[in-house]
Amino acid sequence: MDALLERMVGTWGMTGTVRGRPATYTREVARALQRRWIGTFGAAYSIPHATGEARGDTLLLAFPYPDGPFRDTFVYDRSANSWCFRLESADRTGGWRLFAEYQVRHR
């Protein structure tokens, strides 16, 4: 998983949607805290901590938030050196609802 995470380091342009509305961000991603990761919005949004796994070029994270779980899927495209981020929240029926989705490219 470490090699896949290392591919996130750099400056990225993110375009997509959050709750169905257009969103554009620029993010700088770096390793911190003894080469561990922390979100750009601060440590409070990283608690509770996620569990995760890598499957090939896909990173899957699960966040057990008290008001309902989230799952984040990050898929790396080697040929374009880009990512697709998909964030979903659990709905009341046990399914998943799209929260945000981004195409992420190096700046």
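The following refers to the structure shown. (Residues numbered from 1 in each chain as written. Predicted model: local features only at pLDDT ≥ 70, side-chain atom pairs only at ≥ 80, totals over all residues. Heavy atoms only, no water.)

## Things to note about the overall build of the protein
Then step 1. Counting its secondary structure elements, the protein contains 1 helix and 7 strands.
Then step 2. Per-residue burial over the protein gives 27% buried out of 107 residues.
Then step 3. For the protein, long-range pairs separated by at least 24 residues make up 36% of all intrachain contacts whose partners lie at least 6 apart in sequence.
Then step 4. Only carbon and sulfur atoms are counted for the fraction: they give 54% of the accessible area of the protein, which is about 7200 Å². (Helix = DSSP H or I, 4+ residues; strand = E, 2+ residues; numbered from the N terminus. Buried < 20%, exposed > 50% of the residue type's maximum accessible area, 1.4 Å probe, protein only. Contact = heavy atoms within 4.5 Å. Areas by Shrake-Rupley, 256 points an atom, 1.4 Å probe, with all protein chains shown as cover.)

## Quick notes on unusual backbone geometry
Most of the time, phi is negative for any residue but glycine, and the peptide bond is trans.
Then step 1. Not every positive phi belongs to a glycine, and arginine 19 is a case in point at roughly 55°.
Then step 2. Notably, asparagine 81 is not glycine yet its phi reads approximately 50°, a positive angle.
Then step 3. Mapped onto the secondary structure, asparagine 81 falls in the loop between β5 (70–77) and β6 (82–90).
Then step 4. Overall, asparagine 81 belongs to the partly exposed group, its relative accessible area being 31%.

## A closer look at the side chain of serine 89
Then step 1. Mapped onto the elements, serine 89 comes out in strand β6.
Then step 2. For serine 89, a relative accessible area of 8% gives the class buried.

## Remarks on the environment of phenylalanine 63
Then step 1. Tracing the backbone shows phenylalanine 63 in strand β4 (residues 58–63).
Then step 2. Through-space distance from the C-alpha of phenylalanine 63 to that of threonine 51 is 6.9 Å; in sequence the pair is 12 residues apart.
Then step 3. Once you skip the residues sitting within four places of it in the chain, phenylalanine 63 turns out to touch Pro48, Ala50, Pro69, Phe70 and Asp72.

## Observations concerning a positive patch on the surface
Then step 1. Among the surface-exposed residues, Arg19, Arg21, Arg92 and Arg97 lie close enough to one another that they form a single positively charged patch.
Then step 2. Using a relative accessible area of 88% as the deciding quantity, one classes arginine 92 as exposed. (Patch = residues over 30% accessible without salt bridge, like charges linked within 9 Å, V, L, I, M, F, W, Y side chains within 5 Å. Salt bridge = Lys/Arg side-chain N within 4 Å of Asp/Glu carboxyl O. Lys, Arg positive; Asp, Glu negative; His and termini not counted. Charge placed at Lys NZ, Arg CZ, Asp CG, Glu CD.)

## Re the pairing of strand β2 (residues 21–29)
On a regular strand, each side chain points to the face opposite its neighbour's, so the side chains alternate between the two faces of the sheet.
Then step 1. In this structure, strand β1 (residues 10–18) lies alongside β2, joined through 9 bridges in antiparallel fashion. Each bridged residue has a counterpart across the sheet, and for tryptophan 12 the counterpart in β2 is arginine 27.
Then step 2. Counting the residues in the hairpin turn of β1 and β2 gives 2 residues, including arginine 19, whose phi is positive at 55°. (Pairing = 2+ DSSP bridges.)

None of the figures reported here should be taken as evidence of function without further support.
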